[in-house]
Amino acid sequence: MPVVFLRELSQIWRMAEKRYKDEWGTGAREGYEDRGTFRPPRARQLEPGSPLLRWLGALAIVGGICWGVYLATSSGDPMGALRQNHGPVAIVGLGVVSSIVGKFLRA
């Protein structure tokens, strides 16, 4: 096994040492041109919408889910607790609406 690996490694090394020649005799491949080491950073693009409304929407969604899980696990009847208390569903719905409005509303 090591002999095969060394043979393949030497073949790769020989292929890497070969100089590339194109039809025009330039010896350079366009896809591998050297662009230098420094590239200026891109300007950060602001996302459209209101980040505060999106953040509050996400917080409401997570809070509603946690509240719903607490209600479902603290009683003997998981669906009965959620049928009697519509608060978690309303909070999740409010969070979804807030996130959607926050995505399109500019602050």
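The text that follows walks through the structure, step by step, so that each part is easy to find.

Rules of the game
Residues numbered from 1 in each chain as written. Predicted model: local features only at pLDDT ≥ 70, side-chain atom pairs only at ≥ 80, totals over all residues. Heavy atoms only, no water. Helix = DSSP H or I, 4+ residues; strand = E, 2+ residues; numbered from the N terminus. Buried < 20%, exposed > 50% of the residue type's maximum accessible area, 1.4 Å probe, protein only. Contact = heavy atoms within 4.5 Å. Areas by Shrake-Rupley, 256 points an atom, 1.4 Å probe, with all protein chains shown as cover. Polar contact = N/O pair within 3.5 Å; in protein donor to acceptor, adjacent residues only side chain to side chain. Expected span 1.5 Å × (residues − 1). Arc of directions from axis to C-beta.

1. Things to note about the overall build of the protein
Now for step 1: Counting secondary structure elements, the protein contains four helices and zero strands.
Now for step 2: Listing the helices and strands of the protein from first to last along the sequence gives α-α-α-α.
Now for step 3: Here the protein, with 107 residues, has 16% of them falling under the buried criterion.
Now for step 4: Across the protein, contacts joining residues at least 24 apart in sequence account for 65% of those joining residues at least 6 apart.
Now for step 5: Counting every atom, the protein has about 9,900 Å² of accessible surface; 64% of that belongs to carbon and sulfur.

2. Concerning the environment of Cys-66
Now for step 1: Mapped onto the fold, Cys-66 is located in helix H2 (residues 51-74).
Now for step 2: A residue is classified by how much of its surface remains accessible, and Cys-66, at 49% relative accessible area, is partly exposed.
Now for step 3: A C-alpha to C-alpha distance of 8.2 Å links Cys-66 and Pro-88, two positions 22 residues apart in sequence.

3. Brief notes about the environment of Ile-61
Now for step 1: If you trace the backbone, Ile-61 turns up in helix H2.
Now for step 2: A relative accessible area of 23% means that Ile-61 is categorised as partly exposed.
Now for step 3: Once the C-alpha coordinates of Ile-61 and Gly-93 are considered, the two residues, 32 residues apart in sequence, prove to be 7.5 Å apart.
Now for step 4: If near-sequence neighbours (up to four positions away) are discounted, Ile-61 is found in contact with Val-92, Gly-95, Val-96 and Ser-99.

4. Concerning the environment of Asn-85
Now for step 1: With respect to the helices and strands, the residue Asn-85 is situated in the loop between helix H3 (78-84) and helix H4 (87-104).
Now for step 2: For the pair Asn-85 and Gly-68, spaced 17 residues apart in the sequence, the C-alpha separation amounts to 9.1 Å.
Now for step 3: Residues contacting Asn-85, with those up to four places away along its chain left out, are Trp-67 and Leu-71.
Now for step 4: Polar contacts involving the side chain of Asn-85 include one to the main-chain amide nitrogen of Gly-87, which spans 3.1 Å.

5. Digging into H4
Now for step 1: Here H4 contains 18 residues, and its C-alpha end-to-end distance of 26 Å stays within 8% of the 26 Å for a straight helix at 1.5 Å per residue.
Now for step 2: Taken together, the buried positions of H4 are occupied by Gly-87, Pro-88, Gly-95, Ser-98, Ser-99 and Gly-102. Looking straight down H4, one finds its buried side chains confined to an arc of 110°; they lie on one side. Turned more than 90 degrees away from the buried face of H4, the exposed residues are Val-89, Ala-90, Ile-100 and Phe-104.
Now for step 3: For H4, the secondary structure elements touched by its buried residues are H2 and H3.

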